[in-house]
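One letter stands for each residue in the lines below.
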Amino acid sequence: EAQVTQNPRYLITVTGKKLTVTCSQNMNHEYMSWYRQDPGLGLRQIYYSMNVEVTDKGDVPEGYKVSRKEKRNFPLILESPSPNQTSLYFCASSLKSGWLNEKLFFGSGTQLSVL
Amino acid sequence: GENVEQHPSTLSVQEGDSAVIKCTYSDSASNYFPWYKQELGKRPQLIIDIRSNVGEKKDQRIAVTLNKTAKHFSLHITETQPEDSAVYFCAASRGSNYKLTFGKGTLLTVNP
């Protein structure tokens, strides 16, 4: 089944403890992205990647890192989480890079709480 | 950067009525405008999109219109049904760089 898989689904952690949220897609998509969703603020882009080893900042990249060493994986790393990073996180992917945007396929989300 | 404003933030309609959600964008170079639907506790899913070379696009009960001059686009849902209840997000991007900017969302409630 074609899908974007995020893990974990729920995560509770403490301030300063490094964590990684994994994202994997099995559709051979070139483009992958991370969003955070907060009440009243909608979906805000954190980082995106147009292909392997190509990443760029979105609108709210502070406090986050990403890497794209393989086409299928795009992990989100919080080196030193803080309470203001408590949020619902979505990974998404689409087929192609280039000037034509394509449909985004979202993962099921990761609810992160930083105490 | 791009700024997308979405209105209203909440919308309540009776089943069978029409619903309209409006978005404005700031970057005149934006050329791709998708709409996503997010049901409670679920992931967002694309329901319709429009590119800047088209003024209107329809898919059964939903339609999107685009006014490039005024820099606004709208989602129209006709004959609403309870299963249309969800949060709807508009978005805009230039296409070439994939920096997709979303509006803050509209909670649509369709009352039976």
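Here, the structure is the one placed above.
Since the model is a prediction, treat every value here as computed from it, not as a measurement. (Residues numbered from 1 in each chain as written. Chains lettered and ligands numbered in written order. Predicted model: local features only at pLDDT ≥ 70, side-chain atom pairs only at ≥ 80, totals over all residues. Heavy atoms only, no water.)

**Q** Tell me about the nonpolar core, and name the residues and values.
**A** For soluble globular proteins, the rule of thumb is that nonpolar side chains tend to be buried together. In terms of nonpolar packing, the biggest core is built from 23 residues, with B:Trp35, B:Phe73 and B:Leu108 touching the most fellow members. If you list the elements that add at least two residues to this core, you get β2 (10-14), β3 (19-25), β4 (32-38), β5 (45-51), β7 (62-67), β8 (72-77), β9 (86-92) and β11 (106-111) of chain B. Excluding its chain neighbours within four sequence positions, the residues that come into contact with B:Phe73 are B:Ile21, B:Lys22, B:Cys23, B:Tyr25, B:Phe33, B:Trp35, B:Thr65, B:Leu66, B:Cys90 and B:Ala91. Among the nonpolar cores identified, the runner-up in size contains 19 residues, and A:Leu19, A:Leu76, A:Leu78 and A:Cys91 belong to it. (Core = buried A, V, L, I, M, F, W, Y, C linked by side-chain atoms within 4.5 Å. Buried < 20%, exposed > 50% of the residue type's maximum accessible area, 1.4 Å probe, protein only. Helix = DSSP H or I, 4+ residues; strand = E, 2+ residues; numbered from the N terminus. Contact = heavy atoms within 4.5 Å.)

**Q** Before we move on, could you go through the sheet that holds β7(B) and cite the residues and values that matter?
**A** Residues and elements named next belong to chain B. Strand order in the open sheet formed by five strands is β1-β3-β8-β7-β6, with antiparallel pairing between adjacent strands. Whereas interior strands pair on both sides, the edge strands pair on one side only; in this sheet they are β1 (4-7) and β6 (56-59). This sheet shows a mean twist of 15° between the axes of neighbouring strands, independent of strand direction. As defined by bridge partners, β1 adjoins β3 across four bridges and the pair is classed as antiparallel. Bridge pairing in β3 places His7 opposite Lys22. (Pairing = 2+ DSSP bridges. Axes fitted to C-alpha atoms, helices over the stretch in contact; angles between N-to-C directions.)

**Q** So what's going on with the pattern of salt bridges? Residues and values would help.
**A** According to the stated counting rule, one finds eight salt bridges over all chains in the structure shown. Ionic pairing is found between B:Asp49 and B:Lys57, a salt bridge with its closest N-O pair at 2.9 Å. With a relative accessible area of 13%, B:Asp49 lands in the buried category. On the basis of relative accessible area, B:Lys57 is assigned to the partly exposed category, the value being 37%. Where salt bridges share partners, they join A:Lys18, A:Lys65 and A:Glu79 into one cluster. (Salt bridge = Lys/Arg side-chain N within 4 Å of Asp/Glu carboxyl O.)

**Q** Break down the environment of A:Ser82 for me, with residues and values.
**A** Residues and elements named next belong to chain A. Structurally, Ser82 is set in the loop between β8 (76-78) and β9 (87-94). When sequence neighbours within four positions are dropped, the list of residues in contact with Ser82 reads Thr15 and Val114. One polar contact links Ser82 to Asn84, side chain to side chain, over a distance of 2.5 Å. (Polar contact = N/O pair within 3.5 Å; in protein donor to acceptor, adjacent residues only side chain to side chain.)

**Q** Residue-level account of the layout of surface pockets, with values.
**A** Gaps left between atoms show up when a probe the size of a water molecule is rolled over them. The calculated volume of the largest pocket comes to roughly 440 Å³. Mapped by element, the contributors of at least two residues to the lining of the largest pocket are β4 (31-38) and β9 of chain A together with β9 of chain B. It is β9(B) that contributes the most residues to the lining of the largest pocket, three residues altogether. Space inside the second largest pocket adds up to approximately 270 Å³. A:Leu41, B:Asn3, B:Val4, B:Phe102 and B:Lys104 are, among the 17 residues lining the second largest pocket, the residues nearest its centre. (1 Å grid on protein atoms, 1.4 Å probe; cavity = no way out; pocket = protein on both sides within 12 Å on 5 of 7 lines; lining within 4 Å. Points joined across faces, edges and corners; volume = space filled by probe spheres on them.)

**Q** Run through the sheet that holds strand β3 (residues 19-25) of chain A, naming residues and quoting values.
**A** Residue and element names in this part refer to chain A. Taken in spatial order, the four strands line up as β1-β3-β8-β7 in an open sheet, and their pairing is antiparallel. At either end of the open sheet lies a strand with only one pairing partner, and these are β1 (4-7) and β7 (65-66). As defined by bridge partners, β7 adjoins β8 across two bridges and the pair is classed as antiparallel. Looking across to β8, one finds that Lys65 is bridged to Ile77.

**Q** Outline the state of the cysteines, listing residues and values.
**A** In this structure the tally under the stated criterion is two disulfides over all chains. Residue A:Cys23 pairs covalently with A:Cys91 via a disulfide, S to S 1.8 Å. Across the disulfide from A:Cys23 to A:Cys91, rotation about the S-S bond amounts to roughly -70°, and the bridge is consequently left-handed. Here the residue A:Cys23 occupies a position in strand β3, and A:Cys91 occupies one in strand β9, the gap between them amounting to 68 residues. Side by side, A:Cys23 and A:Cys91 carry an identical accessibility label, which is buried. A sulfur-sulfur separation of 2.0 Å characterises the disulfide bridge that pairs B:Cys23 with B:Cys90. Between B:Cys23 and B:Cys90 the sulfur-sulfur dihedral comes to about -100°; the bridge is accordingly left-handed. One end of the pair, B:Cys23, is in strand β3; the other, B:Cys90, is in strand β9, and 67 residues separate them in sequence. Accessibility expressed as a relative area gives 1% for B:Cys23, which makes it buried. (Disulfide = S-S within 2.5 Å.)

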